[in-house]
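Spelled out from the first residue to the last, the chains are:
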Amino acid sequence: MLQTQKCIETPHGTLETPVFFPVFHLNTRGSGSCPKYWNEIPELKTMLVNAHGIQKSERFHRILKNGFQEQFHFPGIVFADSGGLQNRLNNLKLDPVEILRVQEGIGADIAATLDMPVLANDNISATTHAENVKATVQNAITALKYREREDMLLYAVIHGNDLKVMTNMIDYLKRKGNFDGYAVGGLIFKRSNYRQLIDLIINLRKRAGEKPLHVFGLGGPLVISLLTYLGVDSFDSSSFLSAGSQRVYFTPDHGSRQFREMPQTPYLPCICPVCSKNTFEQIRSQRRLIGMHNLWMIAHELRKLKVHILDQDLEDYLDNRFANRPQIKIAYKYAKAKTGGFV
Amino acid sequence: MTDYTLTLKKKDYSKYGLEGNPFPFSGVPDEHPSVYIGQDDVLEKINSVLSSTVLSAQSNHIIVTGSYGNGKSHTLKFIKTHLRDQFSERSQTPICVGYVSQPGENFIDIYTKFMYDLGYSFVKHLSHKYLGLVAFQMSKDGLIEEKVRKGQGWKEIEKGAVLLSDIVPTAIQKLNDGIKYVDYTRAFIALSYEENSVYSWEWLCGEGVEYSKRQELSLGKNINDTNSIRAFSALKYILKELGYASLVLLIDEFEYIESLPPMKKQKLLNSLRHIIDLNGEGLSLIIACAPEVWQNIVAEYHAFSERIGKEANLKPLDQEKIRMLLISYLNNKRRKRNNTFTPFTEESIECIFMHSQGNTRRVISLCSQALDFSVEFNKQYIDQDVLDSIISS
Ligand SMILES: [Zn+2]
């Protein structure tokens, strides 16, 4: 097991790891696309926003003036991602310092440096791959140099289509500056190859040392458990909502299930406030309710992980947790062997 | 049905002052021979070929002939072991040497066996060294800000002092400018990565790698027989860039080509001729072949045989050489080395000579059996009686 519990100090409070950041998208008018979960789930006073998305919304100047927390009545901790993916896909030529100023200006607690994401089909021999890695590294170094708010934590983003590239990148960045943490992107592509994913996380965890390690975009309850075991400190995802849109319900004990596969019963197998106050049919028909329930499940999972880390019996817990999930069980077995030095 | 129990009995050779039977079982050549006796002129000829390749940079080749059992494989393996020890990467003039146990049907068979003999770790190491060299040159030319000392390039990348992605595009371009074989360039550089390294290796060895994997590595075609000549030359180019003085290709059991249909045989010899012509510098082919087959080749395929240039012939051992051979082998397992051939006697040596007609393999085989026999029947010396018993059984 590589997980130790950390307390990360930020301007708006202390984060106790492992911690989850629900993704909060702003539409062009500048209002949020997801329910105000923070009023309902006390555990989740965290949020991940997209700096470029905020910058191009109509309310940008108001947010800048009032601060993000004030504007959205959100009394919590904001992690501001850069908008690197949009930058790459739409060739926006964003400026790393400009993005940094947006992150600082809106009052972010944690900011990720502007990345040029490497995509699954970027071949490691191709110039694009190397150019994107170089740009991501350069942007991180530039952000560190030009940061104005010392209280905002700055996480350097790590990308690349190979373990060697990524470990070399983090080693290089460590030598170039004192980042407050590291955030790994592009792992969604690696979900299907659990060995690569596990090898990668173990190597990055080792190199990040005491610094927090964030993983972008992987946030189902099972994968959070596995990555927590490997020492990842924080996660973000919008899958709780997108799953809601596809009528996918995270079950308390197993994985996720399609509503249409579930027998209709008077109540659902969960006692979160959403499932306690609403009927099966009400939940099934409202994406927002499914999304909120799913978020409760993530919060619940994190609570259990924290308890078992403190009780020092995380392995026992995960042995049971994954017992009936063949795919993740194999991955977990490999992770155990790997962290124990047996493979 | 009878009951059978296997009892493992360790033979005790200590009464002869030996820690074990020093003679290889049934005369099969050692993988890493340490003893080489009685063929000084052969070694000398090979040495002169290798030295002129290393010192003058001009390619030189030699054929080693000798009848069955006279030590062709032993000679080639001895050369390989010796060169790898003495001319390793740390020496002034490193030499890269690869052994091919049998030519097979096409040049790609030779190429594949050669690559496997060099091994994954070695070739991966070459890939690291190449990236390291490019890092050094880029640093010297001011293309990267980091200072890189000569020979330290890959170490700096490993430490994270140099960004791999700064180096790779230049390395790919430079290498491809040199070898003009983009698939080979990519596969060779990809050896330095983690995730596709094994597939790159399989591709580099000339194994067919399936389409989807090739796509992941951006590799167009697999190496085929024609391309294997380019692949071999590409590796040779890389070795030269990395400061290797020469590449030595050892091909054993060349007589195998007699079993090929004439067209195939001709094609294989043409490929080898091609390799020789394409690599006028820094290449040595050392080929071991049965004398009668080599005579045929000389008679029928001048274009190839003319290019080989030198021939060394392994002769049967005389009695004096048998004595020296025995002493060397015995000393390998002696607690205290000395210059005698006890427990063998003068008369047993004569008998070994007569019976083996100086054939090295038979000499070793007889010695091995005689020693085991003497241990089992608690003989003080290995004399005529012992040998008679073995020969008659
Ligand atoms: Zn619920």
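The model shown is predicted, which means the values in this text are computed figures rather than measured ones.

Participant: Can you help me understand the overall build of chain B in this one?
Facilitator: Within chain B one finds 17 helices and five strands. Out of the 393 residues in chain B, the part that is buried amounts to 54%. Carbon together with sulfur atoms contributes 49% to the accessible area of chain B, which is approximately 18700 Å² in total.

Participant: Quick question: what am I supposed to make of the coordination of the zinc ion here?
Facilitator: Metal coordination angles in their ideal form are 109.5 degrees for the four-donor tetrahedron and 90 or 180 degrees for the six-donor octahedron. For the zinc ion, the protein coordination sphere consists of Cys270 of chain A (SG), Cys272 of chain A (SG), Cys275 of chain A (SG) and His293 of chain A (ND1), at 2.1 to 2.3 Å. One can describe the site at the zinc ion as tetrahedral: its four donor atoms subtend angles covering 98 to 116 degrees at the metal.

Participant: Help me understand the packing of aromatic side chains in this model?
Facilitator: We describe a pair of aromatic rings using the distance from one ring centre to the other and the angle between the two ring planes. Residue and element names in this part refer to chain B. Counting across every chain of the model gives 30 aromatic pairs over all chains. Relative to tryptophan 201, the ring of tyrosine 116 has its centre 6.0 Å away and its plane inclined at 80 degrees; by these criteria the two rings are edge-to-face. Here tyrosine 116, found in helix α3 (residues 107-118), pairs with tryptophan 201, found in helix α8 (residues 197-204); they are 85 residues apart in sequence, far enough to count as distant. Residues tyrosine 130 and phenylalanine 188 carry aromatic rings whose centres are separated by 6.3 Å and whose planes lie at 75 degrees to one another, so their mutual orientation is edge-to-face. Linking tyrosine 130 in helix α4 (residues 120-140) with phenylalanine 188 in helix α7 (residues 182-190), this pair joins segments that are 58 residues apart in sequence. In terms of burial, tyrosine 130 and phenylalanine 188 fall into one category: buried. Sitting above the plane of the tyrosine 181 ring, arginine 230 keeps its charged end 4.1 Å from the centroid.

Participant: Is there a simple way to think about the interface of chain A and chain B in this case?
Facilitator: A common way to state how big an interface is: give the accessible area lost once the parts meet. Taken residue by residue, the interface counts 20 residues in chain A and 26 residues in chain B. Carbon and sulfur atoms supply 52% of the area that chain A and chain B bury against each other, a total of about 2000 Å² over both sides. On the chain A side of the interface with chain B, the three residues burying the most area are Lys164, Asn168 and Tyr172 of chain A, jointly 28% of the side's total. Inspection of the chain A/chain B interface yields four salt bridges. For lysine 176 of chain A, the salt bridge is made with glutamate 145 of chain B, and the minimal N-O distance between the two is 3.0 Å. Our count for the chain A to chain B interface comes out at 14 residue pairs in polar contact (both at pLDDT 80 or more). Only α6 (127-146) and α7 (163-176) of chain A provide two or more residues apiece to the side of chain A that touches chain B. A total of nine residues in the side of chain A that touches chain B trace back to one element, the largest contributor, which is α7 of chain A. Split by residue class, the side of chain A that touches chain B holds eight nonpolar, five polar and seven charged.

Participant: I would appreciate a short explanation of the environment of histidine 61 of chain B in the present structure.
Facilitator: Residues and elements named next belong to chain B. Along the chain, the position of histidine 61 falls in the loop between α1 (40-56) and β1 (62-65). Linking histidine 61 and arginine 307, residues 246 residues apart in sequence, is a C-alpha distance of 7.6 Å. In contact with histidine 61, not counting residues within four places along its chain, are Val49, Ile276, Leu283, Ser284, Leu285, Arg307, Ile308, Gly309 and Lys310. Here the side chain of histidine 61 touches leucine 285 through a polar contact of 3.0 Å, landing on its backbone nitrogen.

Participant: Would you mind showing me how to read the sheet that holds strand β5 (residues 77-81) of chain A here?
Facilitator: In sheet architecture, strand pairing relies on hydrogen bonds along the backbone and comes in two forms, parallel and antiparallel. Residues and elements named next belong to chain A. Read from one edge to the other, the open sheet built from eight strands follows the order β3-β10-β9-β8-β7-β6-β5-β4, with strand pairing classed as parallel. The sheet is open, and its two borders are formed by β3 (19-22) and β4 (46-50), each paired with just one other strand. Across the sheet, the axes of successive neighbouring strands diverge by a mean angle of 25 degrees, strand direction being ignored. In this structure, strand β7 (residues 153-158) lies alongside strand β8 (residues 181-184), joined through four bridges in parallel fashion. For isoleucine 158, the partnering residue across the bridge sits in β8 and is valine 184.

Participant: Can you walk me through unusual backbone geometry in this structure?
Facilitator: With the exception of glycine, the majority of residues adopt a negative phi angle, and the majority of peptide bonds are in the trans configuration. Threonine 17 of chain A connects to proline 18 of chain A through a cis peptide bond whose omega is -5 degrees. Backbone torsion omega between threonine 342 of chain B and proline 343 of chain B reads 5 degrees, so that peptide bond is classified as cis. Secondary-structure assignment places proline 343 of chain B in the loop between α14 (319-333) and α15 (346-356). The phi torsion at asparagine 91 of chain A lies on the positive side, around 50 degrees, for a residue other than glycine. Mapped onto the elements, asparagine 91 of chain A comes out in the loop between α4 (84-89) and α5 (96-105). By relative accessible area, which is 53% here, asparagine 91 of chain A ends up exposed. Not every positive phi belongs to a glycine, and asparagine 378 of chain B is a case in point at roughly 55 degrees.

Participant: Can you walk me through the packing of helix α13 (residues 287-310) of chain A against helix α14 (residues 314-321) of chain A in this structure?
Facilitator: Geometry of a packed helix pair, given as the angle between the helix axes and the separation of the axes. Residue and element names in this part refer to chain A. At a minimum axis distance of 8 Å, the contact between α13 and α14 shows a crossing angle of 140 degrees. If you check the angle between α13 and α14, you find them oblique. Touching Glu301, Lys304, Leu305, His308 and Ile309 of α13 are Leu314, Tyr317, Leu318 and Arg321, all from α14. Grouping the constituent residues of the contact of α13 with α14 by class yields five nonpolar, one polar and three charged.

Participant: Teacher, can you tell me more about α4 of chain B here?
Facilitator: Structurally, the α-helix is built with 3.6 residues per turn, so residues lying three or four positions apart point the same way. If you check α4 of chain B, its first and last C-alpha atoms are 30 Å apart, about what 21 residues at 1.5 Å a residue would give, namely 30 Å. Once α4 of chain B finishes, glycine 142 of chain B follows within two positions and takes phi at roughly 70 degrees, a positive value.

Participant: In this structure, what is going on with the environment of leucine 326 of chain B? I would like to understand it.
Facilitator: Residue and element names in this part refer to chain B. Examined against the element boundaries, leucine 326 turns out to sit in helix α14. We classify leucine 326 as buried; its relative accessible area is 0%. Leaving out residues up to four positions away in the same chain, leucine 326 has contacts with Phe23, Phe341, Phe344, Ile349 and Cys367.

Participant: Sorry if this is basic, but what is going on with the nonpolar core here?
Facilitator: Side chains that are nonpolar tend, in soluble globular proteins, to be buried together. Core analysis: the largest hydrophobic core is formed by 183 residues, its most contacted members being Phe68, Leu173 and Leu227 of chain A together with Tyr184, Phe188, Phe254 and Phe304 of chain B. Element by element, the count of residues in this core is highest for α13 of chain A, at 11 residues. With residues up to four places along the chain from it excluded, the contact list for phenylalanine 188 of chain B reads Val123, Leu126, Ser127, Tyr130, Leu175, Leu204 and Ile238 of chain B.

Participant: Before we go on, may I ask you to explain the sheet that holds strand β3 (residues 246-251) of chain B in this structure?
Facilitator: Residue and element names in this part refer to chain B. Taken in spatial order, the five strands line up as β2-β3-β4-β1-β5 in an open sheet, and their pairing is parallel. Edge strands, defined here as strands with exactly one partner in the open sheet, are β2 (95-100) and β5 (310-313). Across this sheet, the average inter-strand angle for adjacent strands is 15 degrees, counted without regard to direction. The sheet contacts of helix α2 (residues 72-86) involve β1, β2, β3 and β4 (283-289), and relative to β2 the element is tilted by about 155 degrees.

Participant: Looking at this structure, I do not really get the confidence of the model for chain B. What am I missing?
Facilitator: Detailed reading of predicted coordinates is not advised where the pLDDT is low. With 97% of its residues at a pLDDT of 70 or more, chain B shows a mean pLDDT of 91. Across the predicted assembly, pTM comes out at 0.89 and ipTM at 0.90.

About the criteria used
Residues numbered from 1 in each chain as written. Chains lettered and ligands numbered in written order. Predicted model: local features only at pLDDT ≥ 70, side-chain atom pairs only at ≥ 80, totals over all residues. Heavy atoms only, no water. Helix = DSSP H or I, 4+ residues; strand = E, 2+ residues; numbered from the N terminus. Buried < 20%, exposed > 50% of the residue type's maximum accessible area, 1.4 Å probe, protein only. Areas by Shrake-Rupley, 256 points an atom, 1.4 Å probe, with all protein chains shown as cover. Donors = N, O, S within 2.8 Å, 3.2 Å for Na, K, Ca; no water. Tetrahedral: all angles 85-135°; square planar, octahedral: opposite > 155°, others 65-115°. Phe/Tyr/Trp six-rings, centres within 6.5 Å; stacked < 30°, edge-to-face > 60°. Lys NZ or Arg CZ within 6 Å of the ring centre and 35° of its normal. Contact = heavy atoms within 4.5 Å. Buried area = accessible area lost by both parts, 1.4 Å probe. Salt bridge = Lys/Arg side-chain N within 4 Å of Asp/Glu carboxyl O. Polar contact = N/O pair within 3.5 Å; in protein donor to acceptor, adjacent residues only side chain to side chain. Nonpolar A, V, L, I, M, F, W, Y, C, P; charged D, E, K, R; others polar. Pairing = 2+ DSSP bridges. Axes fitted to C-alpha atoms, helices over the stretch in contact; angles between N-to-C directions. Parallel < 35°, antiparallel > 145°, perpendicular 65-115°, else oblique. Expected span 1.5 Å × (residues − 1). Core = buried A, V, L, I, M, F, W, Y, C linked by side-chain atoms within 4.5 Å. pLDDT = per-residue confidence, 0-100.

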